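Residue-level structural notes
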Amino acid sequence: MSSLTPIANGIPNGLISADLAQGRKRLDSLGNGVIPGIVLVAMITAVAFSARNVSGFALFSPMILAVVAGMIYSNVLGTPVHAKAGIAFSQKRLLRFAIVLLGFQLTLGQVVSIGAGGVGIVALTLGATFVFTITLGRLIGVDAKLTQLIAAGTSICGASAIVATNIVTDARDEDVTYAVASITLFGTIAMLGFPLLAPLLGLDQHAFGLWAGASIHEVAQVIGAGFQNGTQSGEIATVAKLTRVAMLAPMVIVLGLMARRKSDDQSAARPPMPWFVAAFVAIVAMNSLVAIPAEVKQAVVLATTIMLTMGLAAMGLQADISQLRSRGLRPLALAFCAFLFIGGFSLMLVKVSG
């Protein structure tokens, strides 16, 4: 101990005091900003999960309920200023990490199981819907960033795609909330209505599963509609939908390249390959090559859902209803037209391939 004394005495007192002050400042910042915000987001997330036990609410995913609960809280009670940092943390970092974990729900073997024809139907439907929505959005005068969010949510995988796309497009929180709300509305209509149309359209379980997986917005909505028409239909619909989820990575890369082209300052443009996309692809590859225990996968799926729900709760807390009203009905009309297009186009491909 005595040998350490000269060393300790050699350290300037001012330096020690500065380090201690900086450490206290960091702790104060954490306690006054990040933690309260995360606690608030976690409380709203818990409400969203609990609300699904109420009759009528089980049709909606906790992510959607969290957006609504967050909006109600922020617009009725107001969002505390000291919680802003934690809300921002949940909205950005947690969401990106959750998107990476989505890779654990998909393997390349699952994609192959629906055959080249099934993959082709999914890919063609996704691309055509995205292009149609972007083009129509320009024609009717919808904001370009909001149009991209609606296009991604409709063509790929609902709220998760909207969140991932927004990391590149950097739209306003109100635009994200508007896109999630409109996608949820028409995805729910598809979930309830498509199974009723199956016998009228002469679709067997395989054909209906492909149609549902290629056209319905949210993963949960696809599962609900698919299994309502039979076990085989549900399994095919789930795999087709997860194939669409896998196409999230190239779509975000394309949007990143578009953002770079439109930017005047090339050095300031966002990179075309965000880290979370590369990580998502790596996780899919690992999940395809390594046998992961079912218990671990179940835990990861639950953690992914919780983090996605927290991220969307944070978005709801940032949304201003008056700003949503200012968007008008054109974006809603765009989402409706995109919904009709993806349903009709994918049905045509399923019929032709069958």
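In what follows, the accompanying structure is described. These numbers were taken from a predicted model, which means no experiment stands behind them. (Residues numbered from 1 in each chain as written. Predicted model: local features only at pLDDT ≥ 70, side-chain atom pairs only at ≥ 80, totals over all residues. Heavy atoms only, no water.)

Comments concerning the packing of helix 7 (residues 144–169) against helix 8 (residues 173–201)
Interaxial distance between helix 7 and helix 8 falls to 9 Å at its minimum, and their mutual angle equals 85°. Classified by the interaxial angle, the pair formed by helix 7 and helix 8 is roughly perpendicular. Listed contacts from helix 8 to Leu 146, Leu 149, Ile 150, Gly 153, Thr 154, Gly 158, Ala 159, Ile 162 and Asn 166 of helix 7 are Asp 175, Val 176, Tyr 178, Ala 179, Val 180, Ser 182 and Ile 183. Tallied by class, the residues present in the contact of helix 7 with helix 8 amount to 10 nonpolar, 5 polar and 1 charged. (Axes fitted to C-alpha atoms, helices over the stretch in contact; angles between N-to-C directions. Helix = DSSP H or I, 4+ residues; strand = E, 2+ residues; numbered from the N terminus. Parallel < 35°, antiparallel > 145°, perpendicular 65-115°, else oblique. Contact = heavy atoms within 4.5 Å. Nonpolar A, V, L, I, M, F, W, Y, C, P; charged D, E, K, R; others polar.)

A word on the packing of aromatic side chains
Summed over the entire model, instances satisfying the criterion amount to 8 aromatic pairs. A centroid spacing of 4.3 Å and a plane angle of 5° characterise the contact between Phe 132 and Phe 341, whose relative ring orientation is stacked. Of the two residues, Phe 132 is situated in helix 6 (residues 115–140) and Phe 341 in helix 16 (residues 330–353); the sequence distance between them amounts to 209 residues. What makes Phe 132 partly exposed here is its relative accessible area of 28%. (Phe/Tyr/Trp six-rings, centres within 6.5 Å; stacked < 30°, edge-to-face > 60°. Buried < 20%, exposed > 50% of the residue type's maximum accessible area, 1.4 Å probe, protein only.)

Topic: helix 9 (residues 205–215)
Buried residues dominate helix 9, accounting for 9 of its 11 residues. Listed as buried for helix 9 are Ala 207, Phe 208, Gly 209, Leu 210, Trp 211, Ala 212, Gly 213, Ala 214 and Ser 215. In this structure, the buried side of helix 9 is in contact with helix 6, helix 8, helix 10 (219–228), helix 11 (231–246) and helix 16. Here helix 9 starts with a cap whose side-chain oxygen sits 3.3 Å from the backbone nitrogen of His 206, and that cap is Asp 204. (Polar contact = N/O pair within 3.5 Å; in protein donor to acceptor, adjacent residues only side chain to side chain.)

These figures come from the coordinates and say nothing about function on their own.
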